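# Residue-level structural notes
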Amino acid sequence: MLSACPLCGGRALPRVTTVGTHPVVRCRSCRLQFTNPQPTDAALAEIYGPDYVLAADGTAAADIITRAKRATADHYLDLIARVAPMAPGTRLIEIGCGAGNFLRQAARRGFDVTGVEYSPFACDRARATLGGTGRVLQGEIDEVASEGGRYGVCVMCDVIEHVRDPAVFLRKAFNLLQTGGVVFIATPSIDSWSARLLGRRWMELKAEHLFYFSRRTITRQLEAAGFAASTLHPGVKKLSFDYINAHFEKYPVTGITPALRLLRALLPVPWCVRPFSVVASGLIAVARKPAESA
Ligand SMILES: [Zn+2]
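Residues numbered from 1 in each chain as written. Predicted model: local features only at pLDDT ≥ 70, side-chain atom pairs only at ≥ 80, totals over all residues. Heavy atoms only, no water.

### Structural notes on the sheet that holds strand β1 (residues 15-19)
- The sheet built from four strands is open, its strands ordered β1-β2-β3-β9 with antiparallel pairing. Single-partner strands in this sheet number two, and they are β1 and β9 (211-212). (Pairing = 2+ DSSP bridges. Helix = DSSP H or I, 4+ residues; strand = E, 2+ residues; numbered from the N terminus.)

Written as structure tokens, this is what we have:
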């Protein structure tokens, strides 16, 4: 149980909600929101089962998810190319690479890719996705601690909200980067319209999410790790009508699931599979490792 805010040291930490049995507090001075106390390792291990990062392979739903993830990856890579253009052959590392869809798209654009992934099942899938290009290592960020200063880009999508100590984690990412290298972070945001609209029913309130950042707190957390020149961007994800439909088939909601099923039967197929942009619940932050910290 933390008695002070890990970001600013503030001691006023009123509870804002409870997720399952886990209290979520918000620091009164910096507004960082976090689970306190954090779930035990055993409780988290139960949540992160074999199918946590993966959908069943070879199914129609898996194809739909893969297509959406690759479209999202392309959007992220366009953003990196715009904010921090990198020479071909630049080393890119993704912490928490899941099934490897982001790395695949990055390799296609000329990055020399490395993925680190905790789940051995997901590692196997990522290696298959990459088809022999790049490297996938099983473990956590410490797995690559000896490769400090080698990377131009470090990517972490939907990861930082899961770690027990974001300050330590970001410092490790900082050390992996060469001077001028960038970190790319996608995470849920308590500033998002869905968080404001849904309040305690926000879909990102999950037992395994230990930190809930905002535009302000993620910037402050990045600066605390030594990063500079951070820019914030809308947390765009690419979805298709079929993706949304598959989600509501898996988690049926009265009224919505049958309506979507009907609509699916009426709509032309190309329309159902075409990805479109949605800004729902997240933010993206990109920050640079400066030449010399003062
Ligand atoms: Zn604070």
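### A few points about the pattern of salt bridges
- For the structure on display, the rule yields ten salt bridges.
- Close ionic contact of arginine 127 with aspartate 124 constitutes a salt bridge, the shortest N to O distance being 3.5 Å. Taken together, the residues arginine 127 and aspartate 124, both in helix α4 (residues 120-130) and three residues apart, mark about one turn of the helix.
- Linking arginine 135 and glutamate 147 is a salt bridge whose minimum nitrogen-to-oxygen distance equals 2.9 Å. With arginine 135 in strand β6 (residues 135-138) and glutamate 147 in the loop between β6 and β7 (151-157), this residue pair connects regions lying twelve residues apart in the sequence.
- We classify glutamate 147 as buried; its relative accessible area is 10%.
- Taken together, the shared-partner salt bridges in this structure form one network comprising Asp74, Asp78 and Arg109. (Salt bridge = Lys/Arg side-chain N within 4 Å of Asp/Glu carboxyl O. Buried < 20%, exposed > 50% of the residue type's maximum accessible area, 1.4 Å probe, protein only.)

### Comments concerning the packing of helix α8 (residues 241-250) against helix α9 (residues 256-266)
- In contact at an axis separation of 9 Å, α8 and α9 are set at 140° when each is read in the N-to-C sense. Crossing hand, α8 versus α9: left-handed. Across the interface between the two elements, Phe241, Asp242, Ile244, Asn245, Phe248 and Glu249 of α8 pack against Ile256, Thr257, Leu260, Arg261, Leu263 and Arg264 of α9.
- Here the contact of α8 with α9 is composed, by residue class, of six nonpolar, two polar and four charged. (Axes fitted to C-alpha atoms, helices over the stretch in contact; angles between N-to-C directions. Left-handed = near helix turned anticlockwise from the far one by under 90°. Contact = heavy atoms within 4.5 Å. Nonpolar A, V, L, I, M, F, W, Y, C, P; charged D, E, K, R; others polar.)

### Thoughts on the coordination of the zinc ion
- Taken together, the protein ligands of the zinc ion are Cys5 (SG), Cys8 (SG), Cys27 (SG) and Cys30 (SG), with distances of 2.3 Å.
- One can describe the site at the zinc ion as tetrahedral: its four donor atoms subtend angles covering 100 to 116° at the metal.
- For the zinc ion, all donor residues lie on one chain, and their spacing in sequence is C-x2-C-x18-C-x2-C. Residue cysteine 8 is found in the segment before β1, and its partner cysteine 27 is found in the loop between β2 (22-26) and β3 (33-35); the two are separated by 19 residues along the sequence.
- Looking at cysteine 8, the relative accessible area reads 28%, which means it is partly exposed.
- Residue cysteine 27 is classed as buried on the basis of its relative accessible area of 0%. (Donors = N, O, S within 2.8 Å, 3.2 Å for Na, K, Ca; no water. Tetrahedral: all angles 85-135°; square planar, octahedral: opposite > 155°, others 65-115°.)

### Topic: the domain arrangement of the protein chain
- Along its sequence, the protein chain is organised into domain 1 (15-240 + 275-288) and domain 2 (241-274).
- The centre of domain 1, based on its C-alpha atoms, is set 27 Å off from the matching centre of domain 2.
- Contacts between the two partners involve eight residues from domain 1 and, on the opposite side, seven residues from domain 2.
- Summed over both partners, the interface of domain 1 with domain 2 comes to about 750 Å²; 71% of that surface belongs to carbon and sulfur atoms.
- At the surface where domain 1 touches domain 2, the tally comes to zero salt bridges.
- Where domain 1 packs against domain 2, one counts three residue pairs in polar contact (both at pLDDT 80 or more).
- For the side of domain 1 that touches domain 2, the element with the highest residue contribution is helix α2 (residues 60-83), accounting for four residues.
- Of the residues belonging to the side of domain 1 that touches domain 2, the class tally is six nonpolar, one polar and one charged. (Domains from an automatic or database assignment. Buried area = accessible area lost by both parts, 1.4 Å probe. Polar contact = N/O pair within 3.5 Å; in protein donor to acceptor, adjacent residues only side chain to side chain.)

### Quick word on the environment of leucine 13
- If you trace the backbone, leucine 13 turns up in the segment before β1.
- According to the relative accessible area criterion, leucine 13 is buried, its value standing at 17%.
- With 258 residues separating them in the primary sequence, leucine 13 and tryptophan 271 have C-alpha atoms 47 Å apart.
- If we ignore the near neighbours within four places in the chain, the residues touching leucine 13 are Leu2, Ser3, Ala4, Cys5, Val25, Arg26, Cys27, Phe34 and Asn36.

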